[in-house]
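# Tertiary structure, described
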Amino acid sequence: MSVAANKGRALPWALVTPALAWTLLFFVLPFIAMGLSSLTAHEGGAFTLANYSQFFTDPSYWRAMVNSLEVTMIVTVISILLAYPFAWILAEQVPERWQRLALMLAVLPFWTSYVVRSYSWLLVLAQNGVINRALTGTGLITEPLQLANTRFATVTGFVHFFVMLLTLTIFANLKQLSPSYRRAAADLGAGPVRTFLHVVLPLTLPGIMVGAFLTFVLCIGDYITPQILGGNNELVMPQLVMMQIGRRGDFPLASALSIILMAVVTIAYLACARWLKIERA
């Protein structure tokens, strides 16, 4: 075999080796370590499944998982309902020469820190915050509303962040949609509503599902927003994991809870996999 042929075979491996080494060092090995840790007791010793059985037998742990799924689904649905009209306006109503500027202005607030935005919402929703002061100042209420440290506050903070993420994925999908599809539907007698329901919506569903899956993954694994805006009144899984580490120092149980959370994300991926690849005709 010639030297040139050997070099030709070695080049792809040389190009992919850094990515493989990075994945092995910072994902595979830590995941294996976390998996092994989840199979040990808090005090050390032999392997055990007690950490996993504790999750399935302790109602408080189940409640945290249910809270995470409920909040994540609410955030995902609301974000889709708000993002799709916004993306439609940007793609269809805004002149093309102004679309880049409109997208930049829409994304501009998200250049600030994620933590800063969460604390900003806390200032807005607090008992002495902007909303309560406005409502009491106009006489609509006499006592401040409990808006902060609630599920409503957590959902509001999440939606504020993820609407723009979904808008970008849906906008990209709408821009790929050829106008000929809508013209063909109109030639066949379909009105605007039927064209949207039977042509535009199915063809833009991959963009919706990509954004929805990203929203699901980032939302269900987020610790900052529930901690700042939701407090500890309604625990979600990331808060429960951090409590095992920060308060009890129980790394094996925290590892088991993290793996269970990853399993839920994997199930969500498998459920959405058919839509997560946008194919071009």
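The protein carries the name ABC transporter permease in an unreviewed UniProt entry, which gives Mesorhizobium captivum as its organism. Turning to the protein, the UniProt record has this under Sequence similarities (unreviewed entry): "Belongs to the binding-protein-dependent transport system permease family. CysTW subfamily." Here the protein is described in UniProt, under the heading Subcellular location (unreviewed entry), as follows: "Cell membrane".

Here we come to a nonpolar patch on the surface. A surface patch of nonpolar side chains, amounting to about 1200 Å² of accessible area, comprises Trp22, Leu24, Leu25, Phe26, Phe27, Val28, Leu29, Phe31, Ile32, Leu36, Phe47 and Met262. If you tally residues by element for the nonpolar patch, the top one is helix α1 (residues 3-38), at 10 residues. As for its position among the elements, leucine 24 is in helix α1. You can call leucine 24 partly exposed: its relative accessible area is 43%.

Turning next to the nonpolar core. Counting 24 residues, the largest nonpolar core has Val75, Tyr84, Leu90, Phe158, Ile170, Phe171 and Leu174 as its most contacted members. Only α3 (59-93), α4 (96-107), α7 (151-176) and α9 (192-220) provide two or more residues apiece to this core. Those residues in contact with valine 75 that sit more than four places away from it in its chain are Val155, Phe158, Val159, Phe162, Thr215 and Cys219. Judged by nonpolar contacts, the second largest core, of 21 residues, contains Met237, Leu240, Leu261 and Val264.

Helix α12 (residues 251-272) packs onto α9 with a crossing angle of 175 degrees between their chain directions and a minimal axis gap of 11 Å. As far as their axial angle goes, α12 and α9 are roughly antiparallel. In this structure, α9 contributes Met209, Phe213, Phe216, Val217 and Ile220 to the contact, and α12 contributes Leu261, Val264, Val265, Ala268, Tyr269 and Cys272. Class assignment for the residues of the contact of α9 with α12 results in 11 nonpolar, no polar and no charged.

Criteria and cut-off values
- Residues numbered from 1 in each chain as written.
- Predicted model: local features only at pLDDT ≥ 70, side-chain atom pairs only at ≥ 80, totals over all residues.
- Heavy atoms only, no water.
- UniProt positions renumbered as here; feature names shortened; annotations may be inferred.
- Patch = residues over 30% accessible without salt bridge, like charges linked within 9 Å, V, L, I, M, F, W, Y side chains within 5 Å.
- Areas by Shrake-Rupley, 256 points an atom, 1.4 Å probe, with all protein chains shown as cover.
- Salt bridge = Lys/Arg side-chain N within 4 Å of Asp/Glu carboxyl O.
- Helix = DSSP H or I, 4+ residues; strand = E, 2+ residues; numbered from the N terminus.
- Buried < 20%, exposed > 50% of the residue type's maximum accessible area, 1.4 Å probe, protein only.
- Core = buried A, V, L, I, M, F, W, Y, C linked by side-chain atoms within 4.5 Å.
- Contact = heavy atoms within 4.5 Å.
- Axes fitted to C-alpha atoms, helices over the stretch in contact; angles between N-to-C directions.
- Parallel < 35°, antiparallel > 145°, perpendicular 65-115°, else oblique.
- Nonpolar A, V, L, I, M, F, W, Y, C, P; charged D, E, K, R; others polar.

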